[in-house]
Amino acid sequence: MASAQDLESLAIEIAREAGELALRRRSEGVAIAATKSSIADIVTEADREVEALIRARLSAARPEDAFLGEESGAEGGTSDITWVVDPIDGTVNYAYGIPAFAVSVAAVRGEPVPGRWEALAGAVFHPSTGELFRAALGEGAWLREHRLAVNDEPSAAGALLATGFGYDPATHSGDLARVARVMPLARDLRRIGAASLDLAYVAAGRFDGYFERGLAPWDYAAGALLITEAGGRFTRIEMDDMPSRALFVAAGPTLFEPLLTAALGS
Ligand code: IPD
Ligand code: CA
């Protein structure tokens, strides 16, 4: 049986190759292939090509594992491992020529259902900067030779927070109300448009905390492991009003509860 570190090595290798392909395709010009759930939710030709590359590499290296990807869906396997993949997280940035996009590759064990799996390994590769954030269960989260640790030193000036908004315009007012509730904790707020990078940055102590509703499994499978391996807390809470749009909160141990309380509201 492969160790979490073997799975991590494979995730790293594939995320790098995939990110380099995404970068190359971007320099050649980006074509929007389709609009998905709403006008803001797009897919480029590169999203599909990069996911196909990742899928091919995984099925050659680990034919027994299952797959769950943003663009090509799910395929069962015979092992208890599923690879949860976002070929280009931050597709809107990618399409607009903004460098904040990443490849996210995670190996999870158990049912490939959000909230029920255990993440074993993950890699988030940011090809525009060459930074690759990686983690294996019980082995820490790393950027190059630096072991990552969440920031757990509250600042009198408040926390540097990150968030994102749903693509469906009907959800914007709820997202903005959440921002208003959380802002008293914040020194400032970032919305970089790639959830995997938001989570990697919390793990690296670059952001103090993150909150967002409605992430998909591939947006956070790798990033959540980065957070917990960096000593932070991560949660996914199903909400009664729209169970398909869970609330996600990540932060260092001290900020986590106040941030969760504010994000939840009364
Ligand atoms: C999106 C980004 C964005 C977040 C959305 C995600 P995509 O992923 O991570 O920051 O706010 O919730 O769906 O569509 O660019 O892969
Ligand atoms: Ca995504």
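Residues numbered from 1 in each chain as written. Chains lettered and ligands numbered in written order. Predicted model: local features only at pLDDT ≥ 70, side-chain atom pairs only at ≥ 80, totals over all residues. Heavy atoms only, no water.

## Section: the coordination of the calcium ion (ligand 2)
And then number 1: At 2.1 to 2.3 Å from the calcium ion (ligand 2) lie its protein donor atoms, namely Asp 86 (OD), Asp 89 (OD) and Asp 219 (OD).
And then number 2: Note on Asp 219: relative accessible area 12%, which makes it buried. (Donors = N, O, S within 2.8 Å, 3.2 Å for Na, K, Ca; no water. Buried < 20%, exposed > 50% of the residue type's maximum accessible area, 1.4 Å probe, protein only.)

## A short note on the site of ligand 1
And then number 1: Neighbouring ligand 1 are 16 residues; Asp 89, Gly 90, Thr 91, Tyr 167 and Glu 212 lie closest to it.
And then number 2: Take Ile 88: an N or O atom from its main chain is 3.3 Å from an oxygen atom of ligand 1.
And then number 3: Interatomic distance of 2.7 Å between a side-chain N/O atom of Asp 89 and an oxygen atom of ligand 1.
And then number 4: Contact with the protein chains hides 94% of the accessible area of ligand 1, taken as 380 Å² for the molecule alone.
And then number 5: The cavity that encloses ligand 1 is the largest pocket.
And then number 6: Per-element accounting of the shell around ligand 1 gives the leading share, three residues, to strand β5 (residues 81-89).
And then number 7: Looking at the shell around ligand 1, its residues break down into six nonpolar, four polar and six charged. (Near = heavy atom within 4 Å. Polar contact = N/O pair within 3.5 Å; in protein donor to acceptor, adjacent residues only side chain to side chain. Areas by Shrake-Rupley, 256 points an atom, 1.4 Å probe, with all protein chains shown as cover. 1 Å grid on protein atoms, 1.4 Å probe; cavity = no way out; pocket = protein on both sides within 12 Å on 5 of 7 lines; lining within 4 Å. Sits in = over half its atoms within 2 Å of the grid points. Helix = DSSP H or I, 4+ residues; strand = E, 2+ residues; numbered from the N terminus. Nonpolar A, V, L, I, M, F, W, Y, C, P; charged D, E, K, R; others polar.)

## Considering the nonpolar core
And then number 1: Of all hydrophobic cores here, the largest spans 41 residues; its most connected members are Phe 133, Tyr 210 and Leu 226.
And then number 2: Counting residues per element, the ones that place at least two in this core are β6 (102-109), β7 (118-126), β8 (131-136), β9 (141-143), β11 (159-163), α5 (195-203), α6 (217-229) and β15 (247-251).
And then number 3: Counting residues per element, this core draws most heavily on α6, which supplies eight residues.
And then number 4: Those residues within four positions of Phe 133 in sequence are excluded, and the remaining contacts are Gly 122, Ala 123, Val 124, Trp 142, Leu 143, Leu 148, Ala 200, Tyr 201, Ala 204, Arg 206 and Leu 226.
And then number 5: Core analysis: the second largest hydrophobic core is formed by 31 residues, Ala 15, Ile 54, Trp 83 and Tyr 94 among them. (Core = buried A, V, L, I, M, F, W, Y, C linked by side-chain atoms within 4.5 Å. Contact = heavy atoms within 4.5 Å.)

## Here we look at the layout of surface pockets
And then number 1: Of the volumes computed, that of the largest pocket is approximately 720 Å³.
And then number 2: Around the largest pocket sit 36 residues that line it, and Phe 165, Gly 166, Tyr 167, Arg 191 and Glu 212 are the ones nearest its centre.
And then number 3: Among the secondary structure elements, those contributing two or more residues to the lining of the largest pocket are β5, α3 (91-96), α5, β13 (209-213) and α6.
And then number 4: Classifying every residue of the lining of the largest pocket by side-chain character gives 13 nonpolar, 11 polar and 12 charged. (Points joined across faces, edges and corners; volume = space filled by probe spheres on them.)

## Thoughts on the pattern of salt bridges
And then number 1: Counted according to the given criterion, the structure contains 16 salt bridges.
And then number 2: Among the salt bridges present, the one from Arg 190 reaches Asp 188, with a minimum N-O distance of 3.2 Å.
And then number 3: For Arg 190, a relative accessible area of 34% puts it in the partly exposed group.
And then number 4: The salt bridge involving Arg 213 is made with Asp 241; its shortest N-O contact spans 2.9 Å. Placement of the pair is Arg 213 in strand β13 and Asp 241 in the loop between β14 (233-237) and β15, with a sequence separation of 28 residues.
And then number 5: Taken together, the shared-partner salt bridges connect Arg 25, Glu 28 and Glu 49 into one network. (Salt bridge = Lys/Arg side-chain N within 4 Å of Asp/Glu carboxyl O.)

All quantities given are derived from atomic positions and should not be read as evidence of function.
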